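Architecture and fold: a report
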Amino acid sequence: MSKFIDSAIIAAKSRYKRIVLAEGEELRIIEAAAIVSKEGIADIILLGDSTKILSKATDAKLDISRVKIINPAESTKLEDYANLLYQLRKDKGLSADQAQKLATNPLYFGCLMIKSKDADGMVAGSINATGDVLRPALQIIKGKKGIKTVSSCFIMALPDESLFDTGVMIFGDCAVLPDPTSEQLADIAIASADSAKTIAGIECPKVALLSFSTKGSAKHPLVDKVNNAVAILKDLKPSFEFDGELQLDAAIVPEVAKLKAPNSCVAGHANVLIFPDLQSGNIGYKLVQRFAGVEAIGPICQGLAAPINDLSRGCSVYDVVSVVAITALQAI
Ligand code: ACO
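Remember, it's a predicted structure, so these values are computed and weren't measured experimentally. (Residues numbered from 1 in each chain as written. Predicted model: local features only at pLDDT ≥ 70, side-chain atom pairs only at ≥ 80, totals over all residues. Heavy atoms only, no water.)

Re the pattern of salt bridges
To be explicit about the condition: A pairing counts as a salt bridge when a side-chain nitrogen of Lys or Arg comes within 4 Å of a carboxyl oxygen of Asp or Glu. Each helix corresponds to a stretch of at least 4 residues labelled H or I by DSSP, and each strand to a stretch of at least 2 residues labelled E; elements are numbered beginning at the N terminus. Whether a residue is buried, partly exposed or exposed follows from its accessible area with a 1.4 Å probe, protein chains only, as a fraction of its type maximum: under 20%, in between, or over 50%, in that order.
The tally for this structure, following the rule as stated, stands at 10 salt bridges. Put simply, Glu39 and Lys13 hold a salt bridge, and the shortest N to O gap is 3.5 Å. Highlighted residues: Glu39 in helix 2 (residues 27-39) and Lys13 in the loop between helix 1 (3-12) and strand 1 (18-21), separated in sequence by 26 residues. Residue classification places Glu39 among the partly exposed residues on the basis of a relative accessible area of 35%.

Structure (structure tokens):
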């Protein structure tokens, strides 16, 4: 377990945030629920058929006696939640019947629990695609007040904890926005700097907006998109250091930074990397994860009014416990 996750677990412990695990019948999720409840990291609510869940737990000798199990289809709250969903989405064309059916979907039910203040956060994605986990969150929970763009980041825990001051970097957005506009890139930079401070413990985020060009070395509309995002940030005057457009080597290697961007306040020392689109971000984090042995924690959603986080379908029990701890931290 990385030092970063250790400290997230310590910070989340005994705060008893109520975290919904929507894929409650999945064995990895039941195992994670047993660990989380035993360690006191959060109060867990598993969604699913209680007979199936309890029988899997018994077969695997897991103690889930402190875990709450709710079957959405049999819940006494279903009617209220379906009404709430109908009220929230009727203007978007959702009928009362459709709302009734959709509310039994655990991914929607979990979000409706949070919206109704019956839970504080949700984790899902072990058996559902990212888009299916995020859509109900975007429709029901929506962005925090004043936030236009919901995005995501990965916390990259490096094997050498002395690197980049804290041994932790933030990569954004590697999971949500397929092709962000310049405005959305600026929003991603702001949200990622905030996640760096509040979740990853990076006191001074240095944000690099990445490109295949450094300071005008290439001319292309894709480079302009990144430069426009930098211009938007300059107008907004956020409280963190940022620069772009920068190539990856100029962003993180001091010797290259001296040559390519000598006047940059960020180049050579960036600890928050903003990728220009989802193709580069998603491929980029997986390259670092697979080739460099870096632990990639996330994707952590940024900007939602309540914490809802996605899992990779290839996630381990440890990954689930880690993301639950971070979700509980976000909920505090
Ligand atoms: N920020 C804020 N609001 C948003 C965002 C966003 N990023 N995206 C969509 N919305 C809003 C929409 O405006 C809409 O609002 P409204 O219906 O209230 O008017 C609502 O959320 C729902 O939007 P939909 O159109 O139903 O959803 P959409 O089809 O846009 O899907 C989604 C959003 C699911 C996030 C989509 O962008 C997506 O699939 N992204 C890629 C996910 C993915 O596959 N990632 C890669 C794998 S992850 C990994 O490898 C770790």
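Examining empty space enclosed by the protein
Counted only if it meets this: A 1.4 Å probe that fits but cannot get out identifies a cavity on a 1 Å grid over protein atoms alone, an open set with protein on both sides within 12 Å along at least five of seven lines counts as a pocket, and a residue lines either if it has an atom within 4 Å of a point. Grid points are joined across faces, edges and corners, and a volume is the space filled by probe spheres set on the points.
Going through the model one piece at a time under the given rule, you end up with 1 cavity of 30 Å³ or more. Counted as a void, the largest cavity has a volume near 30 Å³. Lining the largest cavity are Leu134, Ala137, Leu138, Val150, Val176, Cys301 and Leu304. With 3 residues, helix 7 (residues 130-141) is the largest single contributor of residues to the lining of the largest cavity.

Observations concerning a positive patch on the surface
We apply this condition: Here a patch means residues that are over 30% exposed by relative accessible area and free of salt bridges, tied together within 9 Å if like-charged and within 5 Å if nonpolar (Val, Leu, Ile, Met, Phe, Trp, Tyr). Per-residue accessibility takes into account occlusion by the displayed protein chains alone, with areas from the Shrake-Rupley method and a 1.4 Å probe. Note that His is not counted, nor are the chain ends; the positive residues are Lys and Arg, and the negative ones are Asp and Glu. Here the site of a charge means NZ on Lys, CZ on Arg, CG on Asp, or CD on Glu.
A contiguous patch of positive charge on the surface is contributed by Lys92, Lys115, Lys117 and Lys142. Within the secondary structure, Lys117 is located in the loop between helix 6 (106-115) and strand 4 (121-124).

Quick notes on the domain arrangement of the protein chain
For the record, the criterion: Residue ranges assigned to the domains are those given by an automatic or database domain assignment. Here a residue-residue contact requires only that any non-hydrogen atoms of the pair lie within 4.5 Å. Note: buried area is the sum, over both parts, of the accessible area (probe 1.4 Å) each one loses when the two are combined. We define a polar contact as two N or O atoms separated by no more than 3.5 Å, with the added condition that, inside protein, one atom must be a possible hydrogen donor and the other a possible acceptor, whereas residues neighbouring each other in sequence contribute only through side-chain atom pairs.
Considered domain by domain, the protein chain is made up of domain 1 (3-142 + 310-331) and domain 2 (151-296). Computed over C-alpha atoms, the centres of domain 1 and domain 2 are 31 Å apart. Across the contact, 8 residues belong to domain 1 and 8 residues belong to domain 2. Taking both sides of the interface into account, the surface hidden between domain 1 and domain 2 amounts to around 670 Å²; carbon and sulfur atoms contribute 70%. Contact with domain 2 buries surface across domain 1, with Lys3, Phe4 and Leu134 losing the most and accounting together for 55% of the total. Our count for the contact surface shared by domain 1 and domain 2 stands at 0 salt bridges. In this assembly, domain 1 and domain 2 are joined by 1 residue pair in polar contact (both at pLDDT 80 or more).

What to know about the pairing of strand 8 (residues 241-246)
Heads up, the rule is: Any two strands are treated as partners once DSSP identifies two or more bridges connecting them. Crossover handedness is defined by viewing with both strands directed away from the observer: a clockwise path from the first strand over the helix to the second marks the crossover as right-handed.
Where burial is concerned, most of strand 8 is hidden: 5 out of the 6 residues are buried. As judged from the 5 bridges shared by strand 7 (residues 206-210) and strand 8, these two strands associate in the parallel manner. By the bridge assignment, Ala208 is partnered in strand 8 with Asp243. For the crossover that starts at strand 7, traverses helix 9 (residues 221-236) and ends in the parallel strand 8, the hand is right-handed.

Comments concerning the packing of helix 4 (residues 78-89) against helix 6
For clarity, the cut-off: Only the contacting stretch of a helix is used when fitting its axis, a line to C-alpha atoms as for every element, and angles between N-to-C directions run 0 to 180 degrees. Angle categories are assigned with fixed cut-offs, so that under 35 degrees is roughly parallel, over 145 is roughly antiparallel, 65 to 115 is roughly perpendicular, and the rest are oblique. Here the nonpolar group is Ala, Val, Leu, Ile, Met, Phe, Trp, Tyr, Cys and Pro; Asp, Glu, Lys and Arg are the charged ones; every other residue, Gly included, is treated as polar.
Running from N to C, helix 4 and helix 6 point in directions that differ by 85 degrees, and their axes come no closer than 10 Å. Between helix 4 and helix 6, the crossing angle belongs to the class labelled roughly perpendicular. Counted together, Leu78, Tyr81, Leu84, Leu85 and Leu88 of helix 4 and Tyr108, Phe109, Leu112, Met113 and Lys115 of helix 6 form the full contact between these two elements. The residue inventory of the contact of helix 4 with helix 6, partitioned by class, reads 9 nonpolar, no polar and 1 charged.

Describing the state of the cysteines
Defined simply, a disulfide is a covalent bond joining two cysteines at their sulfur atoms. Stated formally: We call a pair of cysteine sulfur atoms a disulfide when they lie within 2.5 Å.
Taken as a whole and judged by the stated rule, the model has 0 disulfides. Cysteine Cys153 remains unbridged, with the sulfur of Cys174 as its closest cysteine sulfur at 8.4 Å. Note on Cys153: relative accessible area 0%, which makes it buried. Considering cysteine sulfurs only, Cys204 is the nearest to Cys265, which forms no disulfide, with 12 Å between them.

A few points about helix 13 (residues 317-331)
Note that an α-helix has 3.6 residues per turn; residues three or four places apart therefore point the same way. Stated precisely, the cut-off is as follows: Between the first and last residue of a helix there are one fewer steps than residues, each counted as 1.5 Å, and that sum is the expected span.
Given a rise of 1.5 Å per residue, 15 residues ought to cover 21 Å, and the 21 Å separating the end C-alpha atoms of helix 13 matches this to within 8%. Counting buried residues along helix 13, 11 of its 15 residues qualify, which places the element largely inside the surrounding structure. By the burial criterion, the buried members of helix 13 are Val317, Val320, Val321, Ser322, Val323, Val324, Ala325, Ile326, Thr327, Ala328 and Ala331.

Remarks on the packing of aromatic side chains
Stated precisely, the cut-off is as follows: A pair of aromatic rings is counted whenever rings of Phe, Tyr or Trp (Trp by its six-membered ring) have centres within 6.5 Å, and the orientation is called stacked for planes under 30 degrees apart, edge-to-face for over 60 and tilted otherwise.
Inspection of every chain in the model, using the stated rule, returns 4 aromatic pairs. Ring plane angle 70 degrees and centroid distance 6.1 Å describe the contact between Phe240 and Phe242, whose orientation is recorded as edge-to-face. An identical accessibility class is assigned to Phe240 and Phe242; each is buried.

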